[in-house]
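Each chain, letter by letter, is given below.
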Amino acid sequence: MFSAQIQDQGRERLSLDFNWKFQLGDHKGAEKISFDDSNWRILDLPHDWSIEGKYDENEPTGSSGGYLPTGIGWYRRSIDISKNDLKKKVFIEFDGIYMNSDVWINGHHLGNYPFGYSSFYYELTPYLSPGQNIIAVRVDNSLQPNTRWYSGSGIYRHVWITKKNPLHIEHWGVYVTTPIVTKDSACVVTKTSIKNKSGKNKRIILEAILKNSDGVIIAKTKTPLNIDSGNQETISQKLNVKTPQLWSINSPNLYNLHTILVEDKNRIDEVVTKVGIREIEYDVDKGFFLNGEHVKMNGVCLHHDGGAVGAAVPIKVWERRLKILKEMGCNAIRTSHNPPAPEFLDLCDEMGFLVMDEPFDEWRIGKRKYGYYQYFDEWWKKDLVSMIHRDRNHPSIVLWSAGNEIPEQKTEDGHGLLKLLVDVFHEEDPARLVTLGCDNIAADGGATTLEFLKGLDIVGYNYVDRWHERRELYYSIDRHAHPDWKMIGTESTSNSGGIRGGYSLGDNPNVVNPNYNFRMIDTEQLWKFVSKHDYVIGDFMWTGIGYLGESVWPAKNDNFGVMDLCGFPKDGYYFYKSQWTSEPMIHLFPHWNWQGREGQIIPVLCYTNCDAVELFLNERSFGEKRLEFPRQGNSGGWNLYDKPQIHPTTSDLHLQWDVSYTPGTLKAVGKKGGKIVFTKEIRTTDIPYAIKLKVDRKTIVADGRDVVHVEVLVVDKNDNIVPTANNMVYFTLEGEGKIIGVDNGNPFDHDSYKGNQRSVFNGMGLVIIQSTQNSGEIKIVAKSEGLKSAEINCSVIK
């Protein structure tokens, strides 16, 4: 019999996110059961205390950490344990604590974990008693700087408690691969690690049942086995799937694998694993293939913070951000430069992103005074294996990275250290290849050694065009010298355009010196090369979204992202959209509010995937401009072409007109094949008149975690966003929600993210509201002096 017909006595996995007590500072004896925490703050996890602090140029985090405070903090929580629970094995799992955490249960020290990005767990069983048991966690992020970007501080990811039978499947103990995949059939191979801590020799059955998204059983198998007391066994099983629904970028189909232990017709343990059936292949000449189809990785690098919410990022914040990236045509993400939250990878599985998963920014040679290099020798293997075991079942992960810009790349013995890491990757997951972001290939003053590069399955280039003639020749030099190398752009300069809407014509009111019409050239030229050379697997630009830190005061965050911290697209976003998507689009910039510049010649730029665009100002034509990439050659005979000739007016990947400024309406009319397919207008706006609110969702879940994003727009009387507006807006909220973040994307704004007011920046702002655990309504009202107020409602349902 299979498990649908047997009694369920399996594991419990419960969230421990709610009702923690927290206090900043170091508190002697806080690990003890008797410690008085009655005056501590009550909060829910995930929690990042740094994002709650004030910006200060003198903070030890400095430019790397975004000038926010860190320090030491304590968390305490009670858990109720029944007598029946004491018959089981009880574990606590932390998805991430930044950093140097110590954990106690009932005063017993369970361990210290230095690395802030690893998921880890402890067994609680020996120290539990019936009734209330006290968990205490000390987090020490006081030694600064310890990172090159904003880290956050605290238990910033989810916490879980798992209760298992003494005979159980190990933590991260199911490993799934799909070694044979065709459209007609697939072989799913599972390896399950089982531990027997029951004190008795056992006769059990291991079942594997694969179900589709509708819950229909697609394949199943079972294996009887004997496992002696104290032993751990790893059992391999195969499932044959007919006409599988393959996981791909456009159709990310997922199955549920139920791995079940049965003893005497009782289900004593069960683990459910999401499975994507897909085939990946890397060809030295043709690049990357997914399910037999060539795919160019249109990638972005992403840090782990979520802007206004800091490092404690609700999953719906990531879902909104990834959706906007998907609309840009992005299909790949590099988790720079650390393991992400587990639910982030779940989203990538569900939404169809390819992922390069990366553990480290440094090995033995440090980059910051208190960085990971201090712990590397003792902890690297444990941290690396933990990441691989936790993440290796995600179909979205198609490539591992062993690190980013590691200084050992140019040392004599660096290749030996690299081999240690690569060997672990290969041992723990033979199904994927390994790269590393090398930033010193062909560098002056110490280049990446040849031995180091030969140690990589795929050579990763950070800023391939940085040095000398590589500005124009890119990968071709190494392609000629090393035709056996597989190559990928692990990091490259993005066409971010700087600050969103931060257009300037210069300081001299009589001379036009724009800041927005030259930043795209390097990016455009690199993309031309990458897109037309199949041996370049893809490119990951720095970055998809802005992030806190890596800034220079008074800026608190970088400007590298093609989306700002709010998730609002910048101009560069539309460059990539013009190259990575086919639905007709036009993006015009800058805005057309240049009072005092009448009669001056202002460059007007356009990103488009149309063949031709004609620009009008107040219905007066400034002519048609055309672009074509790739340009077509003769086909079928001399001077014959498959498509009508376009006769491009530029070899750039953008169009430009020089327009004498007159207030009014700019209109761009786009054509494909001679037919009008898209029209875009930007207008000179009137003065700010009203606030306008837009929500991304009208209904959210009453689970204390779900969020709704409210875009705050300042518009004129004609409902046009005023692109120069910076009005202060005040928010009041009623009902079953709370404001967890307010932002505007301005890197120089030092107001708190946790307040109830924020100025818009260049006409736009953002409020993030989180539900309570009660059903009802949320009403948010936005007011600003001299402007018409606005309100909007959202339903909260169970």
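As a reminder, the structure under discussion sits directly above these lines.
Since the model is a prediction, treat every value here as computed from it, not as a measurement.

Caption draft 1: Quick look at the overall build of the protein. The helix and strand tally for the protein stands at nine helices and 45 strands. Radius of gyration (C-alpha) of the protein: 28 Å, near the 28 Å computed for a compact globule of 798 residues. Structurally, the protein occupies a C-alpha span of about 90 × 70 × 55 Å along its principal axes. Put simply, the protein has 798 residues, and 59% of those count as buried. Sequence-distant contacts in the protein: of pairs separated by 6 or more residues, those separated by 24 or more amount to 72%. Entry remark: accessible area of the protein is about 31,900 Å², with carbon and sulfur atoms responsible for 47%.

Caption draft 2: Quick look at the packing of helix 1 (residues 315-328) against helix 2 (residues 342-351). One way to put it is that helix 1 packs onto helix 2 with a least axis distance of 10 Å and a crossing angle of 40 degrees. With respect to helix 2, the axis of helix 1 lies oblique. Classified by chirality, the crossing of helix 2 by helix 1 is right-handed. In this structure, helix 1 uses Ile 315, Trp 318, Glu 319, Leu 322, Lys 323 and Lys 326 to contact helix 2, whose residues at the interface are Glu 343, Phe 344, Leu 347, Cys 348 and Met 351. The residue inventory of the contact of helix 1 with helix 2, partitioned by class, reads seven nonpolar, no polar and four charged.

Caption draft 3: Molecular detail of the pattern of salt bridges. Applying the stated criterion across every chain yields a total of 40 salt bridges. The partner of Asp 37 in a salt bridge is Arg 76, with the nearest N and O atoms 2.8 Å apart. Here Arg 76 lies in strand 5 (residues 71-81) and Asp 37 lies in the loop between strand 3 (20-24) and strand 4 (41-43), a separation of 39 residues in the sequence. For Asp 37, a relative accessible area of 14% gives the class buried. For Arg 76, a relative accessible area of 2% gives the class buried. When the shortest N-O distance is used, the salt bridge between Glu 319 and Lys 316 registers 3.0 Å. You can see Glu 319 and its partner Lys 316 sitting in helix 1, three residues apart, about one turn around the helix. Taken together, the salt bridges that share partners define one network made up of Arg 148, Asp 361, Lys 367 and Glu 550.

Caption draft 4: Summary view of unusual backbone geometry. Tyr 98 connects to Met 99 through a cis peptide bond whose omega is -15 degrees. Structurally, Met 99 is set in the loop between strand 6 (89-94) and strand 7 (101-105). Along the chain, Ser 336 connects to His 337 via a cis peptide bond; the corresponding omega equals -10 degrees. Summarising the element assignment, His 337 is placed in the loop between strand 23 (332-335) and helix 2. The backbone of Trp 172 sits at a positive phi, close to 50 degrees, despite the residue not being glycine.

Caption draft 5: Structural detail: the packing of helix 3 (residues 376-391) against helix 4 (residues 414-428). Running from amino to carboxyl end, helix 3 crosses helix 4 at an angle of 30 degrees, the nearest separation of the two axes being 10 Å. It follows from the interaxial angle that helix 3 and helix 4 lie roughly parallel. Crossing hand, helix 3 versus helix 4: right-handed. Each of Phe 376, Trp 380, Lys 381, Leu 384, Val 385, Met 387, Ile 388 and His 389 in helix 3 lies in contact with helix 4, whose residues at this interface are Leu 417, Leu 420, Leu 421, Val 424, Phe 425 and Glu 428.

Caption draft 6: Structural view of the environment of Pro 648. Examined against the element boundaries, Pro 648 turns out to sit in the loop between strand 33 (620-626) and strand 34 (655-660). Relative accessible area serves as the criterion here: at 33%, Pro 648 is assigned to the partly exposed category. Separated by 17 residues in the primary sequence, Pro 648 and Arg 631 place their C-alpha atoms 8.8 Å from one another.

Caption draft 7: Here's a closer look at the pairing of strand 13 (residues 185-196). Most of strand 13 is tucked away, with nine of its twelve residues classed as buried. In terms of strand pairing, strand 12 (residues 167-181) meets strand 13 through nine bridges, oriented antiparallel. Looking across to strand 13, one finds that Tyr 175 is bridged to Lys 191. Two successive antiparallel strands, strand 12 and strand 13, enclose a turn made up of three residues. Bridge count for strand 13 against strand 16 (residues 232-242) is eleven bridges, and the pairing is antiparallel. Opposite Ile 194, over in strand 16, you have Glu 233 as the bridge partner.

Caption draft 8: Region of the structure containing the sheet that holds strand 16. Across the sheet, which stays open at both edges, the three strands sit in the order 12-13-16 with antiparallel pairing between neighbours. The open sheet has two edge strands with one neighbour each: strand 12 and strand 16. Each strand of the sheet is rotated relative to its neighbour by a mean of 20 degrees, with strand direction disregarded.

Caption draft 9: Looking closely at the sheet that holds strand 33. An order of 33-32-35-36 is seen for the four strands of this open sheet, with the pairing classed as antiparallel. In this open sheet, the two strands that pair with only one neighbour each are strand 33 and strand 36 (675-683). Strand-to-strand, the axes of this sheet are offset by a mean angle of 20 degrees, without reference to chain direction. Where strand 32 (residues 612-617) meets strand 35 (residues 665-672), six bridges bridge the pair, whose relative direction is antiparallel. Following the sheet pairing, Val 613 is matched in strand 35 by Gly 670.

Caption draft 10: Representation of helix 4 in the model. Taking 1.5 Å per residue, 15 residues should reach 21 Å; helix 4 reaches 22 Å between its end C-alpha atoms and fits that length. In this structure, the buried side of helix 4 is in contact with strand 12, helix 3, strand 25 (397-404), strand 26 (434-438) and helix 5 (450-454).

Caption draft 11: Representation of the packing of aromatic side chains in the model. Under the defined criterion, the tally for this structure stands at 40 aromatic pairs. For the pair Tyr 55 and Tyr 753, a centre-to-centre distance of 6.4 Å together with 75 degrees between the ring planes defines the contact as edge-to-face. Of this pair, Tyr 55 sits in the loop between strand 4 and strand 5 while Tyr 753 sits in the loop between strand 41 (737-743) and strand 42 (757-759), placing them 698 residues apart in sequence. Residue classification places Tyr 55 among the buried positions, given a relative accessible area of 12%. Under the relative-accessibility criterion, Tyr 753 is labelled buried at 1%. With 5.3 Å between their ring centres and 20 degrees between their planes, Trp 74 and Trp 104 make a pair best called stacked.

Caption draft 12: Structural view of the side chain of Lys 667. Looking at the element boundaries, Lys 667 is found in strand 35. Setting aside residues up to four positions removed in sequence, Lys 667 forms contacts with Glu 614, Leu 615, Phe 616, Glu 619, Thr 679, Lys 680 and Glu 681.

Caption draft 13: Expanded view of helix 8 (residues 521-532). Counted at 1.5 Å a residue, the expected span for helix 8 with its twelve residues is 16 Å, and the 17 Å between its end C-alpha atoms agrees. By the burial criterion, the buried members of helix 8 are Thr 523, Glu 524, Leu 526, Trp 527, Lys 528, Phe 529, Val 530 and Ser 531.

Caption draft 14: Just the pairing of strand 24 (residues 354-357), in detail. Residues Leu 354 and Met 356 line one face of strand 24 and the alternating positions Val 355 and Asp 357 line the opposite face, and both faces are buried. Both strand 23 and strand 24 contribute to a ladder of three bridges, which runs parallel. Following the sheet pairing, Ile 333 is matched in strand 24 by Val 355. Traced from strand 23 through helix 2 to strand 24, the parallel crossover comes out right-handed. Taken together, the three bridges between strand 24 and strand 25 define a ladder with parallel strand orientation. Bridge assignment links Val 355 to a residue of strand 25, and that residue is Ile 397.

Caption draft 15: Inspection of the environment of Asn 39 at higher detail. Structurally, Asn 39 can be placed in the loop between strand 3 and strand 4. Sequence separation of Asn 39 and Gln 23 is 16 residues, and the distance between their C-alpha atoms is 8.9 Å.

About the thresholds
Residues numbered from 1 in each chain as written. Predicted model: local features only at pLDDT ≥ 70, side-chain atom pairs only at ≥ 80, totals over all residues. Heavy atoms only, no water. Helix = DSSP H or I, 4+ residues; strand = E, 2+ residues; numbered from the N terminus. Rg over C-alpha atoms; globule rule 2.2 N^0.38 Å. Buried < 20%, exposed > 50% of the residue type's maximum accessible area, 1.4 Å probe, protein only. Contact = heavy atoms within 4.5 Å. Areas by Shrake-Rupley, 256 points an atom, 1.4 Å probe, with all protein chains shown as cover. Axes fitted to C-alpha atoms, helices over the stretch in contact; angles between N-to-C directions. Parallel < 35°, antiparallel > 145°, perpendicular 65-115°, else oblique. Left-handed = near helix turned anticlockwise from the far one by under 90°. Nonpolar A, V, L, I, M, F, W, Y, C, P; charged D, E, K, R; others polar. Salt bridge = Lys/Arg side-chain N within 4 Å of Asp/Glu carboxyl O. Pairing = 2+ DSSP bridges. Expected span 1.5 Å × (residues − 1). Phe/Tyr/Trp six-rings, centres within 6.5 Å; stacked < 30°, edge-to-face > 60°. Right-handed = clockwise from strand over helix to strand, strands pointing away.

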